[in-house]
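# Coordinate inspection notes
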Amino acid sequence: RSVFRDHPDWDEILRLNRADQVVDGGLSTPLWFNGRHVLAPPLQLGGLESVNREKMIVLCQSLGIKVIEKAWKPKDITRHGELFFVGSGIGVMSPTHLLGRKINKTNFLAVRLWHHYRSWALHKAII
């Protein structure tokens, strides 16, 4: 996390374990849509369980998108798919770069989830 603090221009980071697997984000939960499923880093790798992580998993499932808790590496994202972060402070955020490379040419799923998440949050706020 000290690297994150040293780069105030960064909005988010991927925290990795010794095997270079994604464990968590700096401030939110990273999720990766590989084109078929959303992959969430397994909590046993050391990431934090959060309300929004669970809400996004349930939201994906309600939209017919299967969510699998499975280890993945940043290099997997650069090949294909869509990376996004979820958290109470950001809702849903799509990064533009990873490992110095441009990613997320389309943000189809992130935008779709953002709209559904926002509707849910606003509905909860009204009640």
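Since we're looking at a predicted model, the values are computed, not measured.

Moving on, we come to the overall build of the protein. When its secondary structure is counted, the protein shows four helices and nine strands. Mapped from its N terminus to its C terminus, the protein presents α and β elements in the order α-β-β-β-β-α-β-α-β-β-β-β-α. Relative to the 2.2 N^0.38 estimate, which gives 14 Å for 127 residues, the radius of gyration of the protein is 14 Å and therefore close to what a compact globule would have. C-alpha atoms of the protein, sized along the principal axes, occupy 40 × 30 × 30 Å. The burial tally for the protein puts 42% of its 127 residues in the buried class. The contacts of the protein with a sequence gap of at least 6 include a subset with a gap of at least 24, amounting to 58%. Surface accessibility of the protein: about 7800 Å² in total, with carbon and sulfur atoms responsible for 53%. Side chains of the protein carry 18 positive and 11 negative charges; the gap between the two charge centres is 6 Å.

Before going further, it helps to examine helix α2 (residues 51–62). Taking 1.5 Å per residue as the helical rise, α2 with its 12 residues ought to reach 16 Å, and the 16 Å between its terminal C-alpha atoms agrees with that figure. Regarding α2, the residues found buried are Asn52, Arg53, Lys55, Met56, Ile57, Leu59 and Cys60. Gly64 sits one or two positions beyond α2 and adopts a positive phi of about 80 degrees.

When you line up the elements, His37 lands in the loop between β3 (29–33) and β4 (38–40). Since its relative accessible area comes to 17%, His37 is described here as buried. A distance of 3.3 Å separates polar atoms of two side chains, one belonging to His37 and the other to Arg36. Those residues within four positions of His37 in sequence are excluded, and the remaining contacts are Trp32, Lys66 and Ile68.

The biggest cluster of nonpolar side chains holds 18 residues, and the ones touching the most others in it are Val38, Met56, Phe84 and Leu113. Contributing elements (two or more residues each) for this core: β3, β4, α2, β6 (82–87) and α4 (108–126). Not counting the four nearest positions on each side in its chain, Phe84 is found in contact with Thr29, Pro30, Leu31, Phe33, Val38, Val92, Met93, Ser94, Pro95, Leu109, Ala110 and Leu113. Ranked by size, the runner-up nonpolar core spans 11 residues in total, among them Val22, Leu39, Ile77 and Met93.

Two elements, strand β1 (residues 14–16) and strand β2 (residues 22–25), share three bridges in a ladder whose sense is antiparallel. Across the sheet, Leu14 pairs through a bridge with Gly25, a residue of β2. Linking β1 to β2, which pair antiparallel, is a turn of five residues; within it Asp20 sits at a positive phi near 60 degrees.

Conventions adopted
- Residues numbered from 1 in each chain as written.
- Predicted model: local features only at pLDDT ≥ 70, side-chain atom pairs only at ≥ 80, totals over all residues.
- Heavy atoms only, no water.
- Helix = DSSP H or I, 4+ residues; strand = E, 2+ residues; numbered from the N terminus.
- Rg over C-alpha atoms; globule rule 2.2 N^0.38 Å.
- Buried < 20%, exposed > 50% of the residue type's maximum accessible area, 1.4 Å probe, protein only.
- Contact = heavy atoms within 4.5 Å.
- Areas by Shrake-Rupley, 256 points an atom, 1.4 Å probe, with all protein chains shown as cover.
- Lys, Arg positive; Asp, Glu negative; His and termini not counted.
- Charge placed at Lys NZ, Arg CZ, Asp CG, Glu CD.
- Expected span 1.5 Å × (residues − 1).
- Polar contact = N/O pair within 3.5 Å; in protein donor to acceptor, adjacent residues only side chain to side chain.
- Core = buried A, V, L, I, M, F, W, Y, C linked by side-chain atoms within 4.5 Å.
- Pairing = 2+ DSSP bridges.

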